[in-house]
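Report on the structure
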Amino acid sequence: MAATPLDEGSYPDPLVRRPRSAAGLWRVVVLAAFFIVLAAVLSTLGDRMPPDLILVFLGVLAVIGVFCLFAVAAGLFRFATGEEGRTISRAIVDSLPFGAVVTDREGRISYVNAAYGGFHGAITDGVPVGVPRLFAGQSEASEAVYRLGRAAKDGRPATEDIRLLGGLGGAAGGGKPYWYRVGVRALPPVDGTAEPLVLWSVEDITRDRERQDNAFLELQRAIDYLDHAPAGFFSADARGRIQYLNSTLADWLGYDLAEFEADALRLEDVVRGDGASLLMGGRSDGEIRTEVIDIDLVGRNGTSFPVRLLHRAARLADGELGETRTLVLDRRSGSGHEEALRASEVRFARFFNDTPFAIATLDNEGRIIRTNAPFSRIFGWSGSDKSLEQQPIAELIAEASRDRFAQAIEAALANRSVIEPVDALLAIGGDHAVRLYVSGSEETEGSPERVNVYALDMTEQRKLEAQFAQGQKMQAVGQLAGGVAHDFNNVLTAIIGFADLLLLKHKPGDPSFSDLMSIKNNANRAAGLTRQLLAFSRRQTLRPQILEVPTHIDDLTVLLKRLIGEQIALEVDHGQGIWPVKADLVQLEQVVVNLVVNARDAMPNGGKIVLRTRNVGEAEAAGFNFTGMPAADYVLIEVEDTGTGMPPEILEKIFEPFFSTKELGKGTGLGLSTVYGIIKQTGGFIYPESTVGKGTTFKIFLPRHVPVEGEVPAKPQVAAVKDLTGHERILLVEDEDNVRAFSARALRTTGYEVFEADSGEQALEVLEDIDHEIDLMISDVVMPEMDGPALLVEVRKKRPDLKVIFVSGYAEESVRQDIADDQSVEFLAKPYSLDQINSKVKEVLGKGTE
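Residues numbered from 1 in each chain as written. Predicted model: local features only at pLDDT ≥ 70, side-chain atom pairs only at ≥ 80, totals over all residues. Heavy atoms only, no water.

Focus on the overall build of the protein chain
The following threshold applies: By definition, any uninterrupted DSSP run of H or I lasting at least four residues is a helix, any uninterrupted run of E lasting at least two residues is a strand, and each is numbered from the N terminus. Remark: exposure states derive from per-residue accessible area (1.4 Å probe, protein chains only) relative to the maximum for the residue type, with buried under 20%, exposed over 50%, and partly exposed in between. We call two residues in contact when some of their heavy atoms are within 4.5 Å. The method behind every accessible area is Shrake-Rupley, applied with a 1.4 Å probe, and residues are considered shielded solely by the protein chains displayed.
Within the protein chain, the regular secondary structure consists of 25 helices and 29 strands. For the protein chain, the proportion of its 850 residues judged to be buried stands at 40%. In the protein chain, the share of contacts with a sequence separation of at least 24, taken over all contacts with a separation of at least 6, comes to 60%. Put simply, the protein chain shows about 47,500 Å² of open surface, and 54% of that area lies on carbon and sulfur atoms.

Structure, rendered in structure tokens:
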């Protein structure tokens, strides 16, 4: 049923109107009854009330009446019917372009506008039907109408788009599809209405859906045209993630377009070398401009091919890079003169963008006009922040080198032929360094390019130079320290040895006993210093074994807490599943103790020391910026304090021997040098990090040890021998007279027959002269002319089974490196005491006779 035609400027009459409310009539009746009752009361009690009060009351009523008459006359008050009060709201609803039905929650209709009557089946026998009944019999709409009905009963808003073939009143299941948007929502309370009301709306949206479908089809056709265009196309976001690429480009690159996902592919994956940085530009002023870039793309199979890019990128208002749009032209083919020109352009583009150094052209004010692909990487420039174009290149280098670079620019503008290169650090900080070569460019009309700059990345070379210089310095100091320690050990051997011989004659009750003990104790203290020097020079004897680092650090905590005192808190934090390491337990404990004691001294007013252990995998190690440490699996030990910290100039020298920041007499300067030597000799690395006023952290990286099947555990220490006497024949070879004299007396004191020689040659002569075979040879390693290893070779020719002990002030490992037959040789480190040499002799002579 269609709506009734309307006169121009009029509103349609509603098909159904809600009965008028009687609320206004009841108000009038109540007011009239009030005045009647008041008049009855006055007439009954009139005699009892004072006349003045009655006159005042009547006067008030008269004033109110007169005021109301004047207000009505002036138009301030007017009498309106209920119909007139609802005219505006009803006119708005009646003029809606879609059907509107007001019902209660049970579906009883209160109001229907004329537009609703225009739907087929909305009026039956002159009576409007509800929306659920309107769509009754339409199987396609049943579920949607059910959901809407539930929402109406619950007072919830809901909207459904319903598709009907043939529309309302059409043949079910046939004809053109029609679309209807049906909605329901609760209305606010209405005066005089007891039950809550809901508003149903029905709108024919068939034309809107047809327009949407047509637009979608047009978009699909446009995408199909773009996908199968004879040129490639892609778009990327500000982070270089490809958002779209067409089918043509996907075929060139070897990717299946059906498997492509936005953000999964990056520019670095399809652009060769550093070329991706050229696509992350855009003008700083926000102007959108198309650039022509000749570059190589890389296919999925790793092969590259030349292309020309028509690239467009723009900066947003806040300076951020927006999405880019790039057209890709394949340059792998051509003909005749065009082919020669194309090949020449491709060769130049590859030469320009594939060089290992950065190239930039500048205007006469030093601003960047154009760069090659590696420029952004070498200068650490992030394309998403700001465009390089028009950026002053001097701002990219550290301030210390800008004056020299400005002079080089002036020389290039003056067309000078020889311009010295400029070494500079980059403004991005760290140790990034470049060497800048500057030359002039021929002035061309219309081109602002006046200066060419070539930048060679010198960062790694600078690191290698610094590492080599540091290594050379530490090696030279280590050799000096090791040599001093070796010579000093000979002196200490004589001092300790003769003190022991004197102590045999001077018992604790003797007046000289305390003096002799002071000599021996101070000599032993000096021996400790020589061991630290040998540790720094990496020439001390290590006895590595497989260690569980957390367990041994936990065992140390009691000792460490005693060392640091009560003002300093000690915290231990172990990671999960710490890998084993192979190191000397005693030396590793010395490292931890030295670092903790240093941390304590850096916190005179108290603080906190934290010991941490954790695993560092190869991938994580590769990301560290520590000089000289290769990527591998490590166990990291950190010793962190909250002390005073150290400035960089002090941090550079802390591992040097005899360097100390402590007061005179409170440190030898060998603590950290010993730590350095032990860690290096173990195959690890140590790096300090410090901030003045905040504290210092030492990071120790020990190589992970992977136990192999059948690995022999560390040998247990041999128990001290009680009976040190003997009667065997011993050949003693020592070039130091004092050491030889002490050693001979020590051995003779315990019953051995000793033959002495001051050199290797003399030792061979003694072996020729004596009548009886000797049982043991004790020889120094370092001697003039024929040293210990050379003597051993000669002795083995005649006495292959002779037992041999080498003595040296150097480490056992460094001694055994020069011995071809080291398994048959025992070792005794200098300085040694009377008991130590006799114990070692008894141990060696006892082997093989048990």
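Text resumes after the structure shown.
With respect to helix H25 (residues 834-846)
The periodicity of an α-helix, 3.6 residues per turn, causes residues three or four places apart in sequence to face the same way. Heads up, the condition is: One less than the number of residues in a helix, times 1.5 Å, gives the span that helix is expected to have.
Compared with the 18 Å implied by 1.5 Å per residue over 13 residues, the 18 Å span of H25 between its first and last C-alpha is a close match. Along H25, the positions that sit buried rather than exposed are Leu834, Ile837, Asn838, Lys840, Val841, Val844, Leu845 and Gly846.

Focus: the pairing of strand S14 (residues 368-371)
Definition in use: Following DSSP output, two strands are said to pair if at least two bridges run between them.
As paired strands, strand S13 (residues 358-362) and S14 are joined by three bridges and run antiparallel to one another. Residue pairing in the sheet places Thr361 in a bridge with Arg370 of S14. Between S13 and the antiparallel strand that follows it, S14, lie five residues; Gly366 among them carries a positive phi value of about 80°.

Considerations on the sheet that holds strand S5 (residues 158-165)
Going by this rule: Note on geometry: axes are C-alpha line fits, over the in-contact stretch for helices, and angles between N-to-C directions span 0 to 180 degrees.
The five strands are arranged S2-S1-S7-S6-S5 in an open sheet whose pairing can be described as antiparallel. Pairing within the sheet leaves two strands with one partner each, and these edge strands are strand S2 (109-112) and S5. Direction aside, neighbouring strands of the sheet carry axes that sit 20° apart on average. Two elements, strand S1 (residues 99-104) and S2, share three bridges in a ladder whose sense is antiparallel. Across the sheet, residue Val101 finds its bridge partner in S2, namely Val112.

Overview of the packing of helix H22 (residues 760-769) against helix H23 (residues 788-798)
Selection criterion: Roughly parallel means an angle under 35 degrees; roughly antiparallel, over 145; roughly perpendicular, 65 to 115; everything else is oblique. Crossings are sorted by hand: turned counterclockwise from the far helix by less than a right angle, the near helix makes the crossing left-handed, and turned clockwise it makes it right-handed. When residue character is reported, Ala, Val, Leu, Ile, Met, Phe, Trp, Tyr, Cys and Pro are called nonpolar, Asp, Glu, Lys and Arg charged, and the others, Gly included, polar.
Where H22 meets H23, the axes come as close as 10 Å, and the angle between the chain directions of the two elements is 15°. Classified by the angle their axes make, H22 and H23 are roughly parallel. Like other packed secondary-structure pairs, H22 and H23 cross with a definite hand, here right-handed. Residue-level contacts link Gly760, Ala763, Leu764, Leu767 and Glu768 of H22 to Leu791, Glu794, Val795 and Lys798 of H23. Grouping the amino acids of the contact of H22 with H23 by side-chain chemistry returns five nonpolar, one polar and three charged.

Remarks on helix H13 (residues 402-413)
Under the convention used in this document: The arc in question is traced by the directions running from the helix axis to the C-beta atoms.
Between its first and last C-alpha, H13 extends 16 Å over 12 residues, near the 16 Å set by a 1.5 Å rise per residue. Where H13 is concerned, the buried positions are Phe405, Ala408, Ile409, Ala411 and Ala412. All buried residues of H13 project into a common sector of 160° when viewed along the axis, lining one side. For H13, the exposed residues lying more than 90 degrees away from the buried face are Asp403, Gln407 and Glu410. Looking at the buried side of H13, the elements it contacts are S13, strand S15 (422-425), strand S16 (433-440) and strand S17 (451-457). Two residues or fewer after H13 comes Asn415, characterised by a positive phi angle close to 60°.

Notes on the packing of aromatic side chains
Basically, it comes down to this: Stacked, tilted and edge-to-face are the three classes applied to pairs of Phe, Tyr and Trp rings, where Trp contributes its six-membered ring and a pair requires centres within 6.5 Å; stacked means planes under 30 degrees apart, edge-to-face means over 60, and tilted covers the rest. Only when the NZ of Lys or the CZ of Arg is both within 6 Å of the ring centre and within 35 degrees of the ring normal is a charge said to sit over the ring.
Taken as a whole and judged by the stated rule, the model has 14 aromatic pairs. Each residue in the set Phe624, Phe626, Tyr634, Phe685, Tyr687 and Phe701 is aromatic and connected to the rest through ring pairs, giving one cluster. The side chain of Arg209 reaches across the aromatic face of Trp179, ending 3.8 Å from its centre. Lying across the ring of Trp579, Arg704 places its NZ or CZ 4.2 Å from the centre.

Points about a nonpolar patch on the surface
Condition: To count toward a patch, a residue needs a relative accessible area above 30% and no salt bridge. Like charges then connect within 9 Å, nonpolar side chains (Val, Leu, Ile, Met, Phe, Trp, Tyr) within 5 Å. The term salt bridge refers to a side-chain nitrogen of Lys or Arg lying within 4 Å of a carboxyl oxygen of Asp or Glu.
Taken together, Val56, Phe57, Leu58, Val60, Leu61 and Ile64 make up a surface patch of nonpolar side chains, about 490 Å² in accessible area. Topologically, Leu58 is positioned in helix H2 (residues 51-74). Classification of Leu58 as partly exposed rests on a relative accessible area of 45%.

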